[in-house]
Amino acid sequence: MGASDQEAGEQRVRDAVRRHARARVFAEAEDVISAVLSDPGVQAARERVEAAEAEFGMELQTRLQPFQDRYDQAVAAGDADGLAGLCGGKHGHWGRICVLPDGHETSMEEPHWGRNSEGRPVAWVGSAPDDW
């Protein structure tokens, strides 16, 4: 076996060890996250937050519904330019799409607003991480 073959073999081993270590860390993190999210206190807090977001979403619906209408029209028409100007926050994974214009959090001083996965109005503050 030549020196370059030996180096390639050692690199494959290092890469395999890194992949294994990373997979193990992610598995352990998922276990911790699952344990935390299953805690009754955390579940009760989540329910209170969701109720407050739903109430706030209903309060803002009259004023912000035109943004939802524009979003719905852009989706139906396949208007990529119209959709590109929307809030870029990471909400979709949580079943929420913010229908307000990009930069609304600072220029309009508005929370994120749209509909939840059940189609009901919802308002929320902050963005969910893209990888959760």
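The structure displayed is predicted, hence computed values, not measured ones.

S.K.: Got a sec to walk through the pairing of strand S3 (residues 121–124)? Specific residues and values, please.
M.R.: The side-chain alternation of S3 yields two buried faces, one formed by Pro121 and Ala123 and the other by Val122 and Trp124. Sheet topology note: the strand S2 (residues 112–115)/S3 ladder contains four bridges and is antiparallel. When the sheet's bridge partners are listed, His112 is paired in S3 with Trp124. The loop that links S2 with its antiparallel partner S3 comprises five residues; one of these, Gly119, has a positive phi angle of about 90°.

S.K.: Give me the state of the cysteines: which residues, what numbers.
M.R.: The final tally for this structure, using the stated rule, is zero disulfides. In this model Cys87 remains outside any disulfide bridge; the closest cysteine sulfur is found in Cys98, 3.9 Å from its own. For Cys87, a relative accessible area of 13% gives the class buried.

S.K.: With reference to specific residues and values, describe the pairing of S2.
M.R.: The sheet contact formed by strand S1 (residues 97–98) and S2 spans two bridges and is antiparallel. If you follow Cys98 over to S2, its bridge partner there is Gly114.

S.K.: Quick one: what's the story with the packing of helix H1 (residues 3–38) against helix H2 (residues 40–77), residue by residue and with numbers?
M.R.: Where H1 contacts H2, the axes come no closer than 5 Å and their chain directions differ by 70°. When the interaxial angle is binned, H1 and H2 end up roughly perpendicular. From H1, Val36, Leu37 and Ser38 reach across to H2, where they touch Pro40, Val42 and Gln43. A breakdown of the residues in the contact of H1 with H2 according to their chemical character gives four nonpolar, two polar and no charged.

S.K.: Summarise the nonpolar core; cite the residues concerned and give the values.
M.R.: With 13 residues, the main nonpolar core has Leu60, Leu64, Phe67, Cys98, Val99, Leu100 and Trp113 as its most contacted residues. Within the residue set of this core, elements represented by two or more residues are H2 and S3. A total of four residues in this core trace back to one element, the largest contributor, which is H2.

S.K.: Explain the sheet that holds S2 to me, using residue names and the numbers behind them.
M.R.: Taken together, three strands build an open sheet; the order of strands is S1-S2-S3 and the sheet is antiparallel. Of all strands in the sheet, those bounded by a partner on one side alone are S1 and S3. Each of S1, S2 and S3 is contacted by H2, which is oriented at about 105° to S3, the strand it contacts most.

S.K.: Could you give an account of the pattern of salt bridges, with specific residues and numbers?
M.R.: One pass over the structure, following the stated rule, counts five salt bridges. Between Arg18 and Asp15 there is a salt bridge whose closest N-O contact spans 2.7 Å. Pair noted here: Arg18 and Asp15 are both in helix H1, with a separation of three residues, about one helical turn. Asp15 gets classed as partly exposed once you look at its relative accessible area, which sits at 25%.

S.K.: So what about the packing of aromatic side chains? Which residues, and what values?
M.R.: Summed over all chains, the structure comprises zero aromatic pairs. Here the guanidinium or amino end of Arg70 rests over the ring plane of Phe67, the centre of that ring lying 4.9 Å away. The positively charged end of Arg96 is found above the aromatic ring belonging to Trp124, 5.2 Å away from the centroid.

Conventions used here
- Residues numbered from 1 in each chain as written.
- Predicted model: local features only at pLDDT ≥ 70, side-chain atom pairs only at ≥ 80, totals over all residues.
- Heavy atoms only, no water.
- Buried < 20%, exposed > 50% of the residue type's maximum accessible area, 1.4 Å probe, protein only.
- Helix = DSSP H or I, 4+ residues; strand = E, 2+ residues; numbered from the N terminus.
- Pairing = 2+ DSSP bridges.
- Disulfide = S-S within 2.5 Å.
- Axes fitted to C-alpha atoms, helices over the stretch in contact; angles between N-to-C directions.
- Parallel < 35°, antiparallel > 145°, perpendicular 65-115°, else oblique.
- Contact = heavy atoms within 4.5 Å.
- Nonpolar A, V, L, I, M, F, W, Y, C, P; charged D, E, K, R; others polar.
- Core = buried A, V, L, I, M, F, W, Y, C linked by side-chain atoms within 4.5 Å.
- Salt bridge = Lys/Arg side-chain N within 4 Å of Asp/Glu carboxyl O.
- Phe/Tyr/Trp six-rings, centres within 6.5 Å; stacked < 30°, edge-to-face > 60°.
- Lys NZ or Arg CZ within 6 Å of the ring centre and 35° of its normal.

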